[in-house]
Amino acid sequence: MAFHPQHFGLYFSREHVEVARQHREDPPFEAAWKMLHERAQTGVQHAQWGAIHYRFDDDIIEGEGALKQLMTCARGGFDPDMTFIDALNELLVEAHAFEMLRDHPAMDAATEAEFLGLFEQHFAYLTTLDTEHSYVEALVLTLLKFVAGVVLEREALLQQAIDVYERVIREDIHPQGHIPKAVGAKDGGGLLRQLLTVAVLVLMAEASSLVGFNLWDYSFRGVSLMTAFSYLLYYYYYPDKWRWDPNVTAEPFREYGGFLEIVNRRAYPKDLKPLLDDLRPVYDAPGGGLTTLSHGVARKRGGFK
């Protein structure tokens with residue numbers, strides 16, 4: 001069967017948009033809509049933000065501005081002062097914006113072809129750099145390969161990324177839930193690396209569900225993505241008990257928490273609710289965007305869910 005991915009949103013579908021519209025005045029969507037309409041962004045995040053306006057609000061004008069900004073960013077390439085991880089995230093955000101804008105009336109064939117050519121060029125540059133990557137960098141690059149497989153419609157790239165995902169589940173996640181390759185350095189960054197690793201796995205799993213794969217259910221000897229997530233979740237509430245590094249805080253959850261809404265929509269773990277109540281509305285540009293809007297779970301006013 002030919003590979004024909006949906007080109008709507010990397011991590012959400014039309015059904016996600018309809019839910020957000022239907023529950024516009026219900027929490028947590030109400031706060032997310034308010035953020036979308038009141039906040040402004042700059043740079044590549046401006047392109048993504050306008051694309052979200054277009055996709056969720058059918059705002060053609062915002063979408064046209066987003067497309068112009070997206071092309072400006074793509075033509076400009078990477079800032080020479082960027083770190084490798086920043087460059088990966090830049091391209092992830094560009095790809096997300098492009099997928100949302102792909103059917104915009106201003107996206108003519110020439111513009112689409114130009115973006116795809118620039119995206120492929122920048123992707124090739126990042127994948128062929130002769131440098132040694134950290135564990136997290138390598139996994140974010142794997143996510144970018146998956147995303148590139150969708151954007152460029154190349155199933156081989158998706159399969160390469162899926163092979164890495166499955167290897168991480170099989171070999172890297174301890175049955176207790178920690179990821180030794182992420183936490184073992186004892187340099188103060190273990191919680192952040194565990195969180196970023198889980199975030200990458202969540203984004204790949206969610207994106208896979210929209211292109212005919214199912215990574216959410218992949219497990220090996222009882223270990224799955226949710227094994228690592230459940231281990232991580234505990235330390236938002238008790239960071240002082242993190243045994244891998246001293247003096248850690250829950251701040252990484254605030255900065256890189258886009259994936260939390262995605263997990264909540266998929267699995268609705270009860271211990272996640274107080275955390276999301278603290279963080280919402282959640283916007284994480286490379287981590288799925290405004291995920292409270294795209295992946296929120298409706299809770300009626302005065303309800304107990």
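Above: the structure in question.
Every value quoted in this text rests on a predicted model; they were computed, and no experiment measured them.

Student: Is there a simple way to explain the pattern of salt bridges in this structure?
Tutor: Side chains bearing opposite charge may pair, as long as their charged atoms lie close to each other. Taken as a whole and assessed by the stated rule, the structure comprises 17 salt bridges. A salt bridge links Asp103 to Arg55; its shortest N-O distance comes to 3.1 Å. Of this pair, Asp103 sits in the loop between helix 5 (84–101) and helix 6 (109–128) while Arg55 sits in helix 3 (residues 43–57); the two residues are 48 residues apart in sequence, bridging distant segments of the chain. The buried category is assigned to Arg55, whose relative accessible area is 6%. Residue Lys270 pairs with Asp271 through a salt bridge whose shortest N-O separation is 3.4 Å. Residue Lys270 is classed as exposed on the basis of its relative accessible area of 69%. What you see here is one network of salt bridges that share partners, running through Glu261, Lys273, Asp277 and Arg280.

Student: Can you walk me through the environment of Arg221 in this structure?
Tutor: Position of Arg221 among the secondary structure elements: in the loop between strand 1 (219–220) and strand 2 (223–224). Residue classification places Arg221 among the exposed positions, given a relative accessible area of 77%. Placed 56 residues apart in sequence, Arg221 and Asp277 show a C-alpha to C-alpha distance of 33 Å.

Student: Sorry if this is basic, but what is going on with the packing of aromatic side chains here?
Tutor: One pair of aromatic rings is described through two measures. These are the centre distance and the angle between the planes. Counted by the stated rule, this structure contains 16 aromatic pairs. Centre to centre, the rings of Phe12 and Phe56 are 5.1 Å apart; their planes meet at 50°, and the pair counts as tilted. Here Phe12 is found in the segment before helix 1 (14–22), whereas its partner Phe56 is found in helix 3, with 44 residues between them in sequence. Geometrically, the ring pair formed by Tyr236 and Phe253 is edge-to-face, given 5.2 Å between the ring centres and 75° between the ring planes.

Student: Got a minute to help me understand the packing of helix 11 (residues 225–237) against helix 13 (residues 258–267) in this structure?
Tutor: Helix packing for two helices is described by the angle between their axes and how far apart those axes are. Contact pair helix 11 / helix 13: the axes reach a minimum separation of 13 Å and the direction vectors enclose 120°. One way to sum up the angle between helix 11 and helix 13 is to call them oblique. In the packing of helix 11 onto helix 13, the handedness of the crossing is left-handed. Only Phe259, Leu260, Val263 and Ala267 of helix 13 make contact with helix 11, whose side of the interface consists of Met226, Phe229 and Leu232. In the contact of helix 11 with helix 13, the residues fall into 7 nonpolar, no polar and no charged.

Student: Even after reading the chapter, I still don't get the packing of helix 10 (residues 190–209) against helix 13, so can you show me in this structure?
Tutor: Direction vectors running N to C along helix 10 and helix 13 enclose 55°, while the axes themselves pass 9 Å from each other. As far as their axial angle goes, helix 13 and helix 10 are oblique. Considering how the two elements wind past one another, helix 10 and helix 13 form a crossing that is left-handed. Counting all contacts with helix 10, which are made through Leu195, Val198, Ala199, Val202, Leu203, Glu206 and Ser209, the residues of helix 13 involved are Phe259, Ile262, Val263 and Arg266. Considering only residue class, the contact of helix 10 with helix 13 consists of 8 nonpolar, 1 polar and 2 charged.

Student: Where do I start with the layout of surface pockets in this structure?
Tutor: Over the atoms rolls a probe the size of a water molecule, and its path tells where empty space is left. Of the voids in this model, the largest pocket is the one considered here, and its volume is about 270 Å³. Forming the boundary of the largest pocket are 15 residues, of which Asn89, Val140, Leu196, Tyr256 and Pro286 lie nearest the centre. Mapped onto the lining of the largest pocket, the elements with two or more residues apiece are helix 5, helix 7 (135–151) and helix 10. Looking at the lining of the largest pocket element by element, the count peaks at 5 residues for helix 10. Considered class by class, the residues forming the lining of the largest pocket number 11 nonpolar, 2 polar and 2 charged.

Student: Can you help me understand the nonpolar core in this one?
Tutor: Judged by nonpolar contacts, the single largest core of 111 residues is most densely connected at Phe253 and Phe259. Looking at this core element by element, the count peaks at 12 residues for helix 7. Phe259 has contacts with Leu195, Val198, Ala199, Val202, Phe229, Leu232 and Gly287, leaving out every residue within four places of it along the chain.

Student: Would you take a moment to explain the environment of Arg75 for this structure?
Tutor: By secondary structure assignment, the location of Arg75 is in helix 4 (residues 60–76). C-alpha of Arg75 to C-alpha of Glu137: the two residues are 62 residues apart in sequence and 24 Å apart in space. Residues within four places of Arg75 in sequence aside, it is in contact with Glu114 and Leu118.

About the criteria used
Residues numbered from 1 in each chain as written. Predicted model: local features only at pLDDT ≥ 70, side-chain atom pairs only at ≥ 80, totals over all residues. Heavy atoms only, no water. Salt bridge = Lys/Arg side-chain N within 4 Å of Asp/Glu carboxyl O. Helix = DSSP H or I, 4+ residues; strand = E, 2+ residues; numbered from the N terminus. Buried < 20%, exposed > 50% of the residue type's maximum accessible area, 1.4 Å probe, protein only. Phe/Tyr/Trp six-rings, centres within 6.5 Å; stacked < 30°, edge-to-face > 60°. Axes fitted to C-alpha atoms, helices over the stretch in contact; angles between N-to-C directions. Parallel < 35°, antiparallel > 145°, perpendicular 65-115°, else oblique. Left-handed = near helix turned anticlockwise from the far one by under 90°. Contact = heavy atoms within 4.5 Å. Nonpolar A, V, L, I, M, F, W, Y, C, P; charged D, E, K, R; others polar. 1 Å grid on protein atoms, 1.4 Å probe; cavity = no way out; pocket = protein on both sides within 12 Å on 5 of 7 lines; lining within 4 Å. Points joined across faces, edges and corners; volume = space filled by probe spheres on them. Core = buried A, V, L, I, M, F, W, Y, C linked by side-chain atoms within 4.5 Å.

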